[in-house]
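Listed below are the residues making up each chain.
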Amino acid sequence: MPENKQTRHLLAQIATRPVFRAAVLFANFFLIITALYHLKPASRSLILESHTTIDLPYIWIGSAALILLGMPFYQKLLRRYKRQTVVAMTLTAFTALLVIFWMLLRDPGDFTTIAFYLLVDIIGVTLVEQAWSLTNSLFETDEAKSWYGLVGTGGLLGGVAGSAISGAVIRFTSLQTPDLLLITAFILILLLALNIWMHFQGIYDHDSHHKSVVPFKHGLRALLHNRYLILIAGGLLIAQLVSPLVEYQFMGVVEQTYTEREARTAALSLFFTVLSGFSIGVNLLLTPLILKFGGVLSGLLVQPLLMSVSVIIFSQVPGYLTASAMKISDRGLSYSLTRASRELLYIPIPSEVIFESKAWIDMFGYRLFKVFGAGLILLVASGQSVHASATQLNLAILLACLGWIGLLMFLYRQYRSIQLRGLRRGPGPSAAKRALQQ
């Protein structure tokens, strides 16, 4: 009996160590992104099988509407249940839905492919938000600078694994695009098992949030009455305004280049493998150096600067390679350097405010600004030739990147002000959080 107590005590001590938490969160994020990137080539290939690129903005608007309708229900779950319970419920529901869609997509109709595309969108938003919210509640600022790179790398490796596996399945087996859903369902079962194990190992016990979730409207009020949070949201939402413009240009080129479903799925799998590989290289080689020597501002500025260059090149030499480069400069940096830099901005914020405000920013505002981007595409593309609309969309991307850079400069001044006020009130991350509250 004493030996059992000693063993439990030892395990509890290990669970409190940052390296253990980072390793477990690495595995958690790896499985999430593996599942997501196994689905992404399938969802995009299937949607182009029954629809054209011009239909995508309408689908993105539908995705935002679903998020808006589902968010109050999700918040009720957070108030009623502990976080680990909500995670288990969502994973179980997503697994069941994937099996159902696998059966439906054997002979898909137009509505089925749209519904599946929306499901993949919702799976990605929900699971990634859950993973980063848990991560933010388990690390303080100094720990985060050391371990966020490792946690983020888990997701990047998952992107390589998921897209590489999907490409290999399509190229080297008799399985077809819809069969990728069953493989993803199995990955989600593994993810569910990992989260149950995390619960029994006490990982969730170190979550400072637990069930202390403020009401839904209070989370929005906290966001709107805090200038620092509004600036964080602004930086993310400008990025999300640009993202559908880039995605639209990229998917238009894919549609013209690959007309057969399985070839398109294989090509998209290869693209996502390259994108994830690029993100890994940035995360391992550049992110630690830029955050250490250049700071948060440098980490945030790289993406809009590189996107500005890539869109200029694409406008002069349009094609699959330059469209891919523009897409990689957007998503490749968003999932690596930009994400790690942005998450550091949340650290001075009290944990209960983080969870509610991030839910609004990452799940609602994120999709709302995608609606604005989709609306801009429809406005520009309506009644114009493909070449004319592409030219105007490229100009819109460039102007948005310039505004993004200006907002980031102002945001960084606020970030430094909060840090300095926190230091004057005493050492430790909690001092910065007190400064922000005051």
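My aim in this report is to walk through the structure given alongside it, one point at a time. (Residues numbered from 1 in each chain as written. Predicted model: local features only at pLDDT ≥ 70, side-chain atom pairs only at ≥ 80, totals over all residues. Heavy atoms only, no water.)

## Describing the overall build of the chain
And then number 1: Scanning the chain from terminus to terminus reveals 15 helices and zero strands.
And then number 2: In the chain, which comprises 438 residues, the proportion classed as buried is 56%.
And then number 3: Sequence separation of at least 24 residues holds for 86% of the intrachain contacts in the chain that already meet a minimum separation of 6.
And then number 4: For the chain, the exposed surface amounts to about 18,300 Å²; the carbon and sulfur share of it is 68%. (Helix = DSSP H or I, 4+ residues; strand = E, 2+ residues; numbered from the N terminus. Buried < 20%, exposed > 50% of the residue type's maximum accessible area, 1.4 Å probe, protein only. Contact = heavy atoms within 4.5 Å. Areas by Shrake-Rupley, 256 points an atom, 1.4 Å probe, with all protein chains shown as cover.)

## Thoughts on the side chain of Ser163
And then number 1: Its place among the elements puts Ser163 in helix H6 (residues 141-172).
And then number 2: Residue classification places Ser163 among the buried residues on the basis of a relative accessible area of 0%.
And then number 3: A polar atom in the side chain of Ser163 sits 3.4 Å from the backbone oxygen of Val160.
And then number 4: Leaving out residues up to four positions away in the same chain, Ser163 has contacts with Tyr37, Ser269, Phe272 and Thr273. (Polar contact = N/O pair within 3.5 Å; in protein donor to acceptor, adjacent residues only side chain to side chain.)

## Some points on helix H3 (residues 56-80)
And then number 1: In this model, H3 (25 residues) spans 36 Å end to end at C-alpha, consistent with the 36 Å of a helix rising 1.5 Å per residue.
And then number 2: Taken as a whole, H3 has its buried residues at Leu56, Pro57, Ile59, Trp60, Ser63, Ala64, Ile67, Met71, Tyr74, Gln75, Leu77 and Leu78. (Expected span 1.5 Å × (residues − 1).)

## Remarks on the pattern of salt bridges
And then number 1: Using the criterion set out here, one finds six salt bridges in the structure.
And then number 2: Between Arg44 and Glu247 there is a salt bridge whose closest N-O contact spans 3.5 Å. Taken as a pair, Arg44 in helix H2 (residues 18-50) and Glu247 in helix H9 (residues 227-257) lie far apart in primary sequence, 203 residues in all.
And then number 3: Overall, Glu247 belongs to the buried group, its relative accessible area being 6%.
And then number 4: Residue Glu262 is joined to Arg261 by a salt bridge in which the shortest nitrogen-to-oxygen separation is 2.6 Å.
And then number 5: Take Glu262: its relative accessible area is 17%, and that puts it in the buried class.
And then number 6: In this structure, a network of salt bridges that share partners links the residues Arg44, Glu247 and Lys327. (Salt bridge = Lys/Arg side-chain N within 4 Å of Asp/Glu carboxyl O.)

## Some remarks on the packing of aromatic side chains
And then number 1: With the rule as written, the count across this model stands at eight aromatic pairs.
And then number 2: With a centroid separation of 5.3 Å and 85° between ring planes, the pair formed by Tyr37 and Phe272 is classed as edge-to-face. Here Tyr37, found in helix H2, pairs with Phe272, found in helix H10 (residues 261-316); they are 235 residues apart in sequence, far enough to count as distant. Residues Tyr37 and Phe272 agree in their burial class; the two are buried.
And then number 3: An aromatic cluster is built from Tyr37, Phe250, Tyr258, Phe271, Phe272 and Tyr320, whose rings are joined through pairwise contacts. (Phe/Tyr/Trp six-rings, centres within 6.5 Å; stacked < 30°, edge-to-face > 60°.)

## A word on the packing of H9 against H10
And then number 1: As a packed pair, H9 and H10 sit with axes 11 Å apart at the nearest point and diverge in direction by 150°. Comparing the axis directions of H9 and H10 gives the class roughly antiparallel. Pair H9 / H10 crosses with right-handed handedness. Contacts between H9 and H10 involve Val242, Val246, Gln249, Phe250, Val253 and Val254 from the former and Arg264, Leu268, Phe271, Met307 and Phe314 from the latter. (Axes fitted to C-alpha atoms, helices over the stretch in contact; angles between N-to-C directions. Parallel < 35°, antiparallel > 145°, perpendicular 65-115°, else oblique. Left-handed = near helix turned anticlockwise from the far one by under 90°.)

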